[in-house]
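# Coordinate inspection notes
Below, each chain spelled out in residue letters.
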Amino acid sequence: MAGSGRDERAWVRRAQAGSASDFEALFRAHWGPAYRAAYLVVRDAAAAEDIAQEGFLAAIRALDRFDRRRPFGPWLHRIVVNRAIDWARARALRPEAEQVDAPAPERAERDEELLAELGRLSPEHRAVIVLRYLLEYTPGEIAELLELPRGTVNSRLRRGLDTLKERL
Amino acid sequence: MRFRAPGEEEAQERTWAVVRRAYEEREPVAWPRRHVRPLAAAALVAVVAAAALSPPGRSVVHSLRKAVGVEQAEPALFSLPTHGNLLVTSRKGLWLVHRDGSKRLLGRYRDATFSPHGLFVAATRANQLVALDTKGNVRWTLARPAPSRPVWSGTRTDTRITYLSRGQLRMVAGDGTGDHAIGRRRAAVPDTAAIRRRGGQSEVLDRGRVVFRGTGSFEQAVRSPDGRWLLVTWPTADQWVFVRPGTPRRIVGASRISVQFGGFPRVQGWCCAG
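First things first, this report covers the structure right here in the doc. (Residues numbered from 1 in each chain as written. Chains lettered and ligands numbered in written order. Predicted model: local features only at pLDDT ≥ 70, side-chain atom pairs only at ≥ 80, totals over all residues. Heavy atoms only, no water.)

### What about the interface of chain A and chain B?
Many analyses report the size of an interface as the accessible area lost when the parts associate. With 38 residues of chain A at the interface, the matching set in chain B holds 31 residues. Between chain A and chain B the total buried area reaches about 2900 Å² when both faces are included, carbon and sulfur atoms providing 60% of it. When the buried surface of chain A facing chain B is broken down by residue, R28(A), R36(A) and Q53(A) rank first, second and third, together holding 17% of it. Here chain A is connected to chain B by 4 salt bridges. Salt-bridge contacts for E8(B) lead to R36(A); the nearest nitrogen and oxygen are separated by 2.6 Å. Mapped onto the side of chain A that touches chain B, the elements with two or more residues apiece are α1 (5-16), α2 (20-42), α3 (45-62), α5 (109-120) and α6 (123-134) of chain A. In terms of residue count, the dominant contributor to the side of chain A that touches chain B is α2(A) (11 residues). (Contact = heavy atoms within 4.5 Å. Buried area = accessible area lost by both parts, 1.4 Å probe. Salt bridge = Lys/Arg side-chain N within 4 Å of Asp/Glu carboxyl O. Helix = DSSP H or I, 4+ residues; strand = E, 2+ residues; numbered from the N terminus.)

Here's what the structure looks like:
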C-alpha cells in the first residue's frame, strides 16, 4: 500500500539524504501498482518487470532533482505507463508467438475474461483504463500524466469501456 | 479492482536487488553546483601550471617534440587523420567524435561500442544496456545489473551484442530482444596494438616493431578502421597521438585533450571505414 502524502514526502526527503531504508519504503509502496500497471498494458510479466525496474532506476537518477512538494506516484506511473505503451506498440509491429503469461490460479474466471479482453484493446486504450480503474487516477490526472488533451482521455476511456462491454 | 500480476513477489525481490544497488551507487548532489565551476577552473589552472613548470611536465613536452617525425602537435583536436568516427568516454559521459573533429555528447554512459556499420551505439550505465542512434536518441533499453564491456558484432541484417553483467557474459540481439546468459567468459576486446613500459618511458609496438615512444604512460593504442593508423592515448602529456607506422611514418599530435572532453577520455571504438 502507498503511504500517506506526508509519509511519502518524508521518505523522499530522507532517501535524497541517503537513507536506504526510506528508499526501500518508497520502493515497496510503489512497486505493486507500477508492476501491475505495466503488466496490464504489455501482458508480459518479464517485460513488465523490466519496465517497472526501469521506472525505479529512472527515479534514482532523478532523485536529487525531485521536487518533494509533488507526489512520487504519478511521476513514477507516468514513466512506467509511457514505456509500457511504447513496448506494446513495438511488440505489435513485431509479430511473434503469443507469450501471454498464464493467469494466477486463484483468479476468478470473470477476471480472466476481463483481462483477456483488456489485452485485446490497443495499448493507448489499455493504458487509460489501467490508470483510471487500477491506479484510480482521475481523467484530468491521466491527461497530465500522458500529456494528452482531457477530451482524448475521456474518449479513449469511453471507447475502451464500450468495446469491453460489447465483448463481455 | 483487486488484481495481482503473475510472479509479483518474485519480480519485486529481483527488482529490489537491482534497484538497491543502483541507489547505493548513486552520487548524491551534496555540494551546490554554483561552487563547482570556479573550483574546477582554479584546479585546472593549477594543474596546467604545475604540468608545464615541473621537470616531468617539461620532459613530456620535450619527449613529444623529440619523437621522430612528429609534426606540430595541434593545440586542439581539429580532425582525425583518416575515415571513421571515434567513440570515447570521459567523466562527462559518452562522446562521438566525427572525422572533422566536431563532437557530440551522447549522454552519461560508461562503456560503449559501435554497431558493425557504425549506425548505432550500444552503451552502458549503472544498471542498463542502452542502444542509441548517433544523435544520442535512445532506441531501446535493457535493465540489467552493472552491465559493462559491450561488443556489437554481426552483419547489417543480423547483429548481436555481448556484454558482461556481474561477471556473467550475456548476449542480446541488436534489436534488444532475446537477452540470455552465455557463460562466464570474458567479452572480446577490439583490436589494439601492444603497449610496453620501460623505465619512465612507454612504447607502442605494431607487429613487434616499436612505432612510437614517449615519457610517462600510454593508456591505449587503438587501430583505425582502415588499419593504417594507431591512436595512442597519452594521459601524462594530455595528448592523443595519431601514428601511421608505414613508410613514410607520420605522427600527428593533438593537445589539451582533457579540457576538450571534461577529463582524459577512454577510446571505446573507431568506426567505420567509408
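### Quick look at the sheet that holds strand β11 (residues 180-183) of chain B
Residue and element names in this part refer to chain B. The strand order across the open sheet formed by 4 strands is β8-β9-β10-β11, and the pairing between neighbours is antiparallel. Looking at which strands have only one partner, the edges of the open sheet turn out to be β8 (147-154) and β11. Taken over all neighbouring pairs, the strand axes of this sheet differ in orientation by 30 degrees on average, direction set aside. Pairing of strand β9 (residues 159-165) with strand β10 (residues 168-173), which is carried by 6 bridges, proceeds in the antiparallel orientation. (Pairing = 2+ DSSP bridges. Axes fitted to C-alpha atoms, helices over the stretch in contact; angles between N-to-C directions.)

### Remarks on the layout of surface pockets
Here the second largest pocket defines a volume of roughly 1500 Å³. As for the second largest pocket, its lining consists of 50 residues, and the residues nearest its centre are W140(B), T141(B), D175(B), G176(B) and T177(B). Taken together, the elements giving at least two residues each to the lining of the second largest pocket come down to α3 and α4 (72-93) of chain A together with α1 (8-25), β5 (120-125) and β7 (138-143) of chain B. Taken together, the residues of the lining of the second largest pocket break down into 19 nonpolar, 13 polar and 18 charged. (1 Å grid on protein atoms, 1.4 Å probe; cavity = no way out; pocket = protein on both sides within 12 Å on 5 of 7 lines; lining within 4 Å. Points joined across faces, edges and corners; volume = space filled by probe spheres on them. Nonpolar A, V, L, I, M, F, W, Y, C, P; charged D, E, K, R; others polar.)

### Concerning the state of the cysteines
Residues and elements named next belong to chain B. Enumeration according to the criterion identifies 1 disulfide over all chains in this entry. Between the sulfur atoms of C271 and its disulfide partner C272 the distance amounts to 1.5 Å. Residue C272 is classed as partly exposed on the basis of its relative accessible area, which comes to 24%. (Disulfide = S-S within 2.5 Å. Buried < 20%, exposed > 50% of the residue type's maximum accessible area, 1.4 Å probe, protein only.)

### A short note on the nonpolar core
Of all hydrophobic cores here, the largest spans 61 residues; its most connected members are Y35(A), L40(A), L118(A), L131(A) and V19(B). The greatest single-element share of this core, amounting to 13 residues, is contributed by α2(A). Apart from the residues lying within four places of it in its own chain, the contact partners of L118(A) are L40(A), R126(A), I129(A), V130(A) and L164(A). Core analysis: the next-biggest nonpolar cluster, separate from the first, contains 16 residues, W95(B), W229(B), V252(B) and W270(B) among them. (Core = buried A, V, L, I, M, F, W, Y, C linked by side-chain atoms within 4.5 Å.)

### Considerations on the sheet that holds strand β16 (residues 230-234) of chain B
Residue and element names in this part refer to chain B. Sheet architecture is open: 4 strands sit in the order β15-β16-β17-β18, paired in antiparallel fashion. The open sheet is flanked by β15 (220-223) and β18 (250-254), the only strands paired with a single partner. Ignoring which end each strand starts from, the neighbouring axes of this sheet average 20 degrees apart.

### Observations regarding the packing of α2(A) against α1(B)
Look at α2(A) against α1(B): their axes get within 10 Å of each other, and the N-to-C directions meet at 140 degrees. Here α2(A) is positioned oblique relative to α1(B), judged by the angle of their axes. The chirality of how α2(A) crosses α1(B) is right-handed. On α1(B), the residues touching A20(A), F23(A), E24(A), F27(A), R28(A), W31(A), G32(A), Y35(A) and R36(A) of α2(A) are E8(B), A11(B), Q12(B), E13(B), T15(B), W16(B), V19(B) and Y23(B). Partitioning the contact of α2(A) with α1(B) into residue classes produces 9 nonpolar, 3 polar and 5 charged. (Parallel < 35°, antiparallel > 145°, perpendicular 65-115°, else oblique. Left-handed = near helix turned anticlockwise from the far one by under 90°.)

### Some thoughts on helix α8 (residues 150-167) of chain A
An α-helix turns once per 3.6 residues; consequently, residues spaced three or four apart project the same way. Residue and element names in this part refer to chain A. Helix length check: α8 (18 residues) gives 26 Å between terminal C-alpha atoms against 26 Å at 1.5 Å per residue, within 8%. By the burial criterion, the buried members of α8 are V153, L157, G160, T163 and L164. Buried residues in α8, looked at end-on, bunch into an arc of 135 degrees, giving them a common side. Away from its buried face, by an angle of more than 90 degrees, α8 presents the exposed residues R158, R159, K165 and E166. (Expected span 1.5 Å × (residues − 1). Arc of directions from axis to C-beta.)

### Some points on the pairing of strand β2 (residues 93-97) of chain B
All names here are of chain B. Of all 5 residues making up β2, 5 are buried, and the element is well covered by its neighbours. The sheet contact formed by strand β1 (residues 85-90) and β2 spans 5 bridges and is antiparallel. Within β2, the position partnered with L87 by the bridge is L96. Hairpin connection between β1 and β2: a loop of 2 residues separates the two successive antiparallel strands. Pairing between β2 and strand β3 (residues 103-107): 4 bridges, direction antiparallel. Bridging from a neighbouring strand, V97 pairs with K103 of β3. Hairpin geometry of β2 and β3 is characterised by an intervening segment of 5 residues between the two adjacent antiparallel strands and by a positive phi of about 90 degrees at G101.

Read these as layout, nothing more, since geometry by itself doesn't imply function.
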